[in-house]
Amino acid sequence: MALVVQKYGGTSVADIDKIKNTVAKRIIGSRKKGDDLVVVLSAMAGVTDQLVDLAKKVIPAPEGREYDVLVSTGEQVSIALLAMSLEALGQKARSYLGHQVKINTDASFSRARILCIDTKAIKADLEKGRVVIVAGFQGVDEEGNITTLGRGGSDTTAVAIAASLCADRCEIYTDVEGVFSADPGVCSKSRKLNRIAYDEMLEMASLGAKVLHSRSVELAKKYHIPLYVRSTFSDNLGTLVTEESKDMESNVVSGVTYNKSEAKITIRGVPDKPGVAAKIFSALSGANIVVDMILQNVGEKNLTDLTFTVLKNDCKQALKLINPVIKKLGAKDATVDQDISKVSIVGVGMRSNAGIASRMFTALAKEGINMMMISTSEIKISCVISSKYTELAVRVLHDTFNLSEEGTPE
Ligand code: ADP
Ligand code: ASP
Ligand code: MG
């Protein structure tokens, strides 16, 4: 008998038919095999988006306490409907909101981090043979305020619960059959990966592969939780996210990802002297604005241009914060480009293979795709390009590195 945490995403609980006839029946099947189950749910597909849109009708850039109170409500509906469906099928079940569990987080609204989880109530229910259903994406801060973990955060709820319970595994049920070499919605030749190392998955998730919330992978790696990504709608084996090992497929590049959620800000005519960048980026970090790529050009006459990327959602606030700093420093101005995307290749095999960057750059150049920024780490290379070329770039890079074919283990 195993203790398993299962998470079902929004498309898996999109309507009553799917909740009653697919998810509830799958859960009962797992119970029949003798497993104890904690189930984490997302809101029904589209519901969180609708809630965000409602908030935007009240204020253009909603945020903070009330925003989290609002956007966390979708999960309350789905967990109750699943609990009712299970009870109707003769399976005892009980649903919990984050603060009922309780899932303690810090107080960073809309990007809260889980601090600890009280597992008492869950364990007591499991002992009574109940399936425990927990609302994903939400928690509660020290003062009792509802918090949310960021879009896609239900994956993180599931892994955090699995870690707290020392569960045998965590299964992420979604609308695709696993983790693919590229987003199957964009690249028809993408291939399902049977296994992927935590580090690769972490890079892919952070670089835009939204199949897993990146924090969930971080937690799975830290607490050694085997993570299975698979389809709610088929019995095919999915992808196992696990420790890196020699017998893994040995493609040098494992995946291609893209991310359209960032914007590029360029500050022109910045005095080229010590302390200037520190002033600009301190202003941003003070407001919790995450800066991703940074590029500083060699300038003339002791002036330089400084380019960096932030989330599109943070762009307005970033400008508001840096404009006074620009004035003080005597820099020329700041311009914004929203029509960019970041395309990346990821693979642990890149550590020991030279020439990957030049193959990537040559492939993009052949298609006439200009790279505006480049950044690398041991296991990834990212380029900022014009967003209109995103899908083309993903497909070209997928072909260049033969990702439709499985590499042979060393
Ligand atoms: P859920 O609602 O189940 O959490 P998400 O929409 O968050 O599902 O994530 C699943 C989606 O992630 C897929 O439909 C797919 O389009 C997208 N995706 C992006 N990159 C990848 C990838 N490399 N492998 C699999 N799916 C990916
Ligand atoms: N419902 C939330 C969202 O749409 C959380 C999740 O689905 O993981 O972002
Ligand atoms: Mg998701």
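The preceding data block contains the structure.
Residues numbered from 1 in each chain as written. Chains lettered and ligands numbered in written order. Predicted model: local features only at pLDDT ≥ 70, side-chain atom pairs only at ≥ 80, totals over all residues. Heavy atoms only, no water.

What follows is about the overall build of the protein. Broken down by element type, the protein carries 13 helices and 20 strands. Over its C-alpha trace the protein gives a radius of gyration of 23 Å, about what one expects of a compact globule, namely 22 Å for 410 residues. The principal-axis extent of the C-alpha atoms belonging to the protein is close to 75 × 50 × 35 Å. Each of the 410 residues in the protein was classed as buried or not, and the buried ones make up 51%. For the protein, the accessible area works out to roughly 19100 Å², and carbon and sulfur atoms hold 50% of it. (Helix = DSSP H or I, 4+ residues; strand = E, 2+ residues; numbered from the N terminus. Rg over C-alpha atoms; globule rule 2.2 N^0.38 Å. Buried < 20%, exposed > 50% of the residue type's maximum accessible area, 1.4 Å probe, protein only. Areas by Shrake-Rupley, 256 points an atom, 1.4 Å probe, with all protein chains shown as cover.)

Around ligand 1 sit 16 residues in total, of which K7, T174, D175, F180 and D183 are the nearest. Measuring from an oxygen atom of ligand 1, one finds a backbone N or O atom of G10 at 3.2 Å. D175 is positioned with one of its side-chain polar atoms (N or O) 2.9 Å from an oxygen atom of ligand 1. Within the complex, the protein chains bury 86% of what would otherwise be the 570 Å² of accessible surface of ligand 1. Among the residues making up the shell around ligand 1, the classes are represented as eight nonpolar, four polar and four charged. (Near = heavy atom within 4 Å. Polar contact = N/O pair within 3.5 Å; in protein donor to acceptor, adjacent residues only side chain to side chain. Nonpolar A, V, L, I, M, F, W, Y, C, P; charged D, E, K, R; others polar.)

For the rest of this paragraph, the subject is the nonpolar core. Ranked by size, the top nonpolar core spans 44 residues in total, and within it V5, V38, I161, C170 and M201 carry the most contacts. Broken down by element, the residue count for this core peaks at seven residues, all from helix α7 (residues 154-165). Look past the residues within four positions of V38 in its chain and what remains in contact with it is V4, V5, Q6, I122, L126, V132, V134, I161 and L165. Counting residues in hydrophobic clusters, the runner-up holds 23 residues, among them V4, L37, M44 and Y173. (Core = buried A, V, L, I, M, F, W, Y, C linked by side-chain atoms within 4.5 Å. Contact = heavy atoms within 4.5 Å.)

This part covers the site of ligand 2. Within the structure, ligand 2 sits among S42, A43, T48, E75, F137, R151, G152, G153 and S154. At 2.7 Å from a nitrogen atom of ligand 2 is found a side-chain nitrogen or oxygen belonging to E75. G153 places a polar main-chain atom, nitrogen or oxygen, 3.4 Å from an oxygen atom of ligand 2. Compared with its free state, where it exposes 260 Å², ligand 2 has 86% of that area covered by protein. Of the residues in the shell around ligand 2, the class split is two nonpolar, five polar and two charged.

The strand order across the open sheet formed by four strands is β13-β18-β20-β19, and the pairing between neighbours is antiparallel. Looking at the sheet topology across the chains shown, the edges are occupied by β13 (255-259) and β19 (373-377). Adjacent strand axes in the sheet meet at a mean angle of 20° when their direction is disregarded. Note that β13 and strand β18 (residues 340-346) share five bridges and pair antiparallel. Looking at the pairing, T257 lines up with S344 of β18. Contacts from helix α12 (residues 356-366) reach β18, β19 and β20 (380-386), with the element oriented near 20° to β20. (Pairing = 2+ DSSP bridges. Axes fitted to C-alpha atoms, helices over the stretch in contact; angles between N-to-C directions.)

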